[in-house]
Amino acid sequence: MKKLFKKALSVCLSLAFTISIMTLNVTATEILNGLSKTPPVVKYSGISTYDNNYPTETWNLSTDGMYAVSGKANGNAELYTLYMFTGVDNISISLSNYKDSALTVTLYKVSGFDKKVDSFTVSANTNKGKQFTNLSKKGSYYFTFSAPCDFSGYIA
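In what follows, the accompanying structure is described. (Residues numbered from 1 in each chain as written. Predicted model: local features only at pLDDT ≥ 70, side-chain atom pairs only at ≥ 80, totals over all residues. Heavy atoms only, no water.)

## Points about the overall build of the protein
Short version of the rule: Helix and strand assignments follow DSSP, with helices taken as H or I runs no shorter than four residues and strands as E runs no shorter than two, numbered in order from the N terminus. Relative accessible area decides the class of each residue, using a 1.4 Å probe on protein chains only: under 20% of the type maximum gives buried, over 50% gives exposed, and in between gives partly exposed.
Within the protein one finds 2 helices and 12 strands. Helices (α) and strands (β) of the protein occur, in sequence order from the N terminus, as α-β-β-β-α-β-β-β-β-β-β-β-β-β. For the protein, the residues scored as buried account for 33% of the 156 residues in total.

## Brief notes about the pattern of salt bridges
The condition is simple: Any Lys or Arg side-chain nitrogen located within 4 Å of an Asp or Glu carboxyl oxygen qualifies as a salt bridge.
With the rule as written, the count across this model stands at 1 salt bridge. Asp118 serves as the salt-bridge partner of Lys130, at 3.3 Å between the closest nitrogen and oxygen. Pair noted here: Lys130 is in strand E10 (residues 127-132) and Asp118 is in strand E9 (residues 115-122), with a separation of 12 residues, a long-range link.

## A look at the pairing of strand E8 (residues 103-109)
Across a regular strand the side chains alternate sides, sitting on one face of the sheet and then on the other. Test applied: Any two strands with at least two DSSP-identified bridges between them are counted as paired.
For E8, the tally of buried residues reaches 5 of 7 residues, placing the bulk of the element in the interior. For E8 and E9, the ladder comprises 7 bridges, and the chain directions are antiparallel. Residue pairing in the sheet places Thr106 in a bridge with Ser119 of E9. In this structure, the hairpin formed by E8 and E9 is closed by a connection of 5 residues.

## A few points about the environment of Val117
This is how the line gets drawn: Contact criterion: two residues are considered in contact whenever any of their non-hydrogen atoms come within 4.5 Å of each other.
Looking at the element boundaries, Val117 is found in strand E9. Spatially, the C-alpha atoms of Val117 and Phe132 are 8.4 Å apart, while their sequence positions differ by 15 residues. If we skip the residues at most four places from it in the chain, Val117 touches Leu107, Tyr108, Lys109, Leu135 and Tyr141.

## Here's the deal with the nonpolar core
General note: in soluble globular proteins, nonpolar side chains tend to be found buried as a group. To be explicit about the condition: To qualify as a nonpolar core, a set must consist of buried Ala, Val, Leu, Ile, Met, Phe, Trp, Tyr and Cys residues joined through side-chain atoms within 4.5 Å.
In terms of nonpolar packing, the biggest core is built from 27 residues, with Phe85, Ile91, Ile93, Phe143 and Phe145 touching the most fellow members. At the level of elements, strand E4 (67-73), strand E6 (83-86), strand E7 (91-97), E8, E9, strand E11 (141-145) and strand E12 (149-155) are the ones that each hand at least two residues to this core. If near-sequence neighbours (up to four positions away) are discounted, Phe143 is found in contact with Leu79, Tyr80, Thr81, Phe85, Ile91, Ile93, Val105, Thr106, Leu107, Phe132 and Ile155.

## So, unusual backbone geometry
Following Ala147, the chain continues to Pro148 via a peptide bond in cis, the omega torsion being 5°. Located in the positive-phi region is Asn125, a residue other than glycine, with phi close to 55°. Position of Asn125 relative to the elements: it lies in the loop between E9 and E10. Since its relative accessible area comes to 46%, Asn125 is described here as partly exposed. With a phi angle near 60°, Asn134 is a residue other than glycine that sits in the positive phi range. Mapped onto the fold, Asn134 is located in the loop between E10 and E11.

Printed below as a string of structure tokens:
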């Protein structure tokens, strides 16, 4: 009886481990395409991905620090940062565009009806940055990115 129990437990644990690995592989693939419905958040490293859903978490740039990012998506979906940014009166963003087409980046302020603050374009296969000034430290802001895209950079 003990041998049967140990064998059943071993099979169950192996199956659980296999399923968890399969789930991680699917999630990683979805994230690389920027299409994850519930993307993981790696807050301790400041690295996160983008999503085609409205941001729900807050990142305080004054206490959490710089936010390193990279994103990739096909199609025409607009991508959002996973976080709304707060805690500073100016936000700098620097990006490398790896695509053969221009990337449009737009900053929005969260309010009853989100308000477009400003936007800029990163030409194909180039690097560009922009500083957004005169923001509210108590306000919340997020970025959108035009797809198709393939980029990396940081927000500070």
